[in-house]
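So the chains spell out like this:
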Amino acid sequence: MTAEKKQGSFETANEKKQSKDFKKEVKSYLKKEKISFKGDAKVPNKKETKKKSEEKEPAKQATIDDVQMEPVMHEGKPIWLVIKKRKIFPVVPGRSIEKQLKEPFDPETEITFEIKKSFLWQCKKCYAVIESNPEHPFECDKEQGGCGRKSTFTCITKGINSDRWKLPHWKYIEDLSMLEVYCDLIELLKQVLVFPDEIYYKMFGLWIMSQYKWECWNAVSFWIFKGLQNSGKTRALELIHELGYRAIFTSNTTFAAMCRYTHYHNATVLVDEADTNLNQSTETGQEFLRFVRSSYRRGSVYTTADNEDQEEVFCYRNYGFKAFSAEKAFNVALLTRSIVINMEKDIPDYTELRYVQRRMDDIQNKLLNYRYRFGDPPDLGEDFCLKGRNREIFESMIATGMHIGLVVDDLIAFAQEHEKEEEEAMTDSEEYEILTAIKNLSESGTLLDAPEAIPLSDIFTNMGWDETYEGDQKEARKAHQRIGYFMKNNGLKTKRFNRGKSLIFNDEKNQKKLKYLWKRYKV
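About the thresholds
- Residues numbered from 1 in each chain as written.
- Predicted model: local features only at pLDDT ≥ 70, side-chain atom pairs only at ≥ 80, totals over all residues.
- Heavy atoms only, no water.
- 1 Å grid on protein atoms, 1.4 Å probe; cavity = no way out; pocket = protein on both sides within 12 Å on 5 of 7 lines; lining within 4 Å.
- Points joined across faces, edges and corners; volume = space filled by probe spheres on them.
- Nonpolar A, V, L, I, M, F, W, Y, C, P; charged D, E, K, R; others polar.
- Helix = DSSP H or I, 4+ residues; strand = E, 2+ residues; numbered from the N terminus.
- Buried < 20%, exposed > 50% of the residue type's maximum accessible area, 1.4 Å probe, protein only.
- Contact = heavy atoms within 4.5 Å.
- Phe/Tyr/Trp six-rings, centres within 6.5 Å; stacked < 30°, edge-to-face > 60°.
- Patch = residues over 30% accessible without salt bridge, like charges linked within 9 Å, V, L, I, M, F, W, Y side chains within 5 Å.
- Areas by Shrake-Rupley, 256 points an atom, 1.4 Å probe, with all protein chains shown as cover.
- Salt bridge = Lys/Arg side-chain N within 4 Å of Asp/Glu carboxyl O.
- Lys, Arg positive; Asp, Glu negative; His and termini not counted.
- Charge placed at Lys NZ, Arg CZ, Asp CG, Glu CD.
- Pairing = 2+ DSSP bridges.
- Right-handed = clockwise from strand over helix to strand, strands pointing away.
- Expected span 1.5 Å × (residues − 1).
- Arc of directions from axis to C-beta.
- pLDDT = per-residue confidence, 0-100.

Turning our attention to empty space enclosed by the protein. Where empty space is left becomes clear once a probe the size of a water molecule has been rolled over the atoms. Tallied over the full model, the rule gives 2 cavities of 30 Å³ or more. The space that makes up the largest cavity amounts to roughly 60 Å³. Gln211, Trp214, Tyr245, Asn266, Ala267, Thr268, Tyr319, Gly320 and Phe321 are the residues that line the largest cavity. Residues of the lining of the largest cavity, tallied by class, amount to 5 nonpolar, 4 polar and no charged. Approximately 40 Å³ is the volume attributed to the second largest cavity. Lining the second largest cavity, in full, are Glu70, Trp165, Lys166, Pro168, Tyr212, Gly244, Tyr245, Arg246 and Gln364. Residues of the lining of the second largest cavity, tallied by class, amount to 4 nonpolar, 2 polar and 3 charged.

Written out as structure tokens, the structure is:
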């Protein structure tokens, strides 16, 4: 009797478990089919469920969501633009999982845009979303649809600092032609800037557009606007600030803040009076140069020490677009990674950008539409005609032009000519003369003993500067300093001997560096 009861109770428990599992299965099915199921509603039996499923055979889709947030202006107020990108993978009924994995369908991308206020918080008790500016809420506000209870909250949107960079005035553009946007941009550039050659307008316009696809590039070019006062070089930077992606001026920005802008916000950096701010004879200028020098390449970081913890360092991503204005030439390393525009002192149609403000706002908004609604620019491929640093300088502009359907043959031809001109310019440069003098002295057998070294004064004489600066001690001293700066900037070790500071020639690292420089400058 006891055994029967135990057996009976076991069977009852088993039946209950099966019933519970079946109900879970049905609930799951109904949820997928978006059929409401509440409480003790009638549950169809297994045969009915199977029959209905076979009759309907709905097309199912698996999705992967990607959510991004962009601060913008909307109706005169800073708000968050929420961009949701969903990749839709169609699933064919009856197709095995194994086949779906081996032969997957290409996903479709669905993009939606949503406007959200800043300082939104979600109650963890009732899940209501309330606004609390700027303090963290402690009570779920009833007037905003909350439960009125004290609670903890999850931050949905942070506050927006509208003074960081110019926020785009967001508007969704239904039928957007990027070729038309490009034409409007070029027309605007010609009315506010005077460039020495027509091709520079095309390059500059594409460079600004390529900022909105910054994730797609392995390297980008710097732009340097060089000229006298009132030549329009500062206006060029102001134009980038109005049209570019998250463009910031460094004039009123601390170095630490600039590091955070590039690390956390991928900001475009604008440096006015670069020949002063990047002066390598000052400590601040040297630090700035270290930060900027390698930032043209994706993955570049700037490392600094933690003042509070001797074992820790901070690493900031510094890759991104940068533009400079200067009255005279400055760091050579930057020049070789830059498009240099010698600005002409001329008067454009508009000398003040405020007269074209609406047009700039409209173009910037369309460029933001381009960023989130259009796919990635094409990869130029391994066999593309441009190689090395020349490709790094021009790739983002050429690929962006191709992406919007623009003919870029003239740009490619200009890039190839630019490479030849750079090689010729190197042979006429002061750096070329210094390297030639080092090579001449290294082959002359006049090196000092233990360690083998070349006095900088011998380099000075071999270059013929002793005759050039004869009788002008002040200029001769400056010329000696430039030789010393060359050694320092290129990582060549020097040491002071009886005959003064000398280049240590038999140092292994120096030998390797000199071979590279001789090859690069074609000495």
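Moving on from the coordinates now.
Examined against the element boundaries, Gln364 turns out to sit in helix H11 (residues 357–373). With relative accessibility at 1%, the residue Gln364 sits in the buried group. When neighbours within four sequence positions are excluded, Gln364 is seen to be in contact with Lys166, Leu167, Pro168, Tyr212, Glu242, Leu243 and Gly244.

Below, the discussion takes up unusual backbone geometry. The phi dihedral of Phe119 is positive, around 60°, even though this residue is not glycine. Relative to the elements of secondary structure, Phe119 occurs in the loop between strand E3 (108–116) and strand E4 (120–123). Of note in this structure, Glu273 is not a glycine but carries a positive phi near 50°. Here Glu273 lies in the loop between strand E9 (268–271) and helix H8 (274–277).

The next subject is the packing of aromatic side chains. Per the counting criterion, the structure on display carries 26 aromatic pairs. Between Phe195 and Phe225, the aromatic rings sit 6.4 Å apart at their centres with planes inclined by 15°, giving stacked as the arrangement. Taken together, the residues Phe195 in the loop between helix H4 (178–192) and helix H5 (198–210) and Phe225 in strand E7 (residues 222–226) connect sequence positions 30 residues apart. With respect to burial, Phe195 and Phe225 carry one shared label: buried. With a centroid separation of 5.7 Å and 80° between ring planes, the pair formed by Tyr200 and Phe414 is classed as edge-to-face. Highlighted residues: Tyr200 in helix H5 and Phe414 in helix H13 (residues 409–427), separated in sequence by 214 residues.

We now examine a positive patch on the surface. On the surface, Arg290, Lys488, Arg496 and Lys501 cluster together into a positively charged patch. Along the chain, Arg496 turns up in strand E15 (residues 494–497). Under the relative-accessibility criterion, Arg496 is labelled exposed at 62%.

Okay, the pairing of E9 next. Burial along E9 is two-sided: Thr268 and Leu270 facing one way and Val269 and Val271 facing the other are all buried. Sheet topology places strand E8 (residues 247–249) next to E9; 3 bridges connect them, and they run parallel. Bridging across to E9, Ala247 finds its partner in Thr268. This β-α-β element, E8 to helix H7 (residues 255–265) to E9, shows right-handed connectivity. Bridging between E9 and strand E12 (residues 322–326) involves 3 bridges; their strand directions are parallel. Across the sheet, residue Val269 finds its bridge partner in E12, namely Lys322.

Here we come to the environment of Phe288. Topologically, Phe288 is positioned in helix H9 (residues 283–293). In the structure, Phe288 is positioned 11 residues away from Asn277 in sequence and 7.8 Å away in space, judged by C-alpha atoms. Discounting chain neighbours no more than four positions away, the residues touching Phe288 are Thr250, Phe255, Met258, Val271, Asn277 and Leu278.

With that out of the way, let us pick up helix H17 (residues 473–489). Taking 1.5 Å per residue as the helical rise, H17 with its 17 residues ought to reach 24 Å, and the 24 Å between its terminal C-alpha atoms agrees with that figure. Of all the positions in H17, only Ala476, Ala479, Ile483, Phe486 and Met487 are classed as buried. The buried residues of H17 occupy an angular sector of 100° when projected down its axis, which confines them to one face. Turned more than 90 degrees from where H17 packs its buried face, Lys474 and Lys488 sit exposed. Buried residues along H17 sit against helix H14 (430–442), helix H15 (456–462), helix H16 (465–468), E15, strand E16 (500–504) and helix H18 (508–520). A positive phi of about 70° marks Gly491, the residue just after H17.

Chain-level pLDDT for the protein is 83 on average; 83% of the residues reach the 70-or-more range. Under a pLDDT of 50 for its full length, residues 46–58 has, in the predicted model, 9 contacts with residues more than four places off or in other chains.

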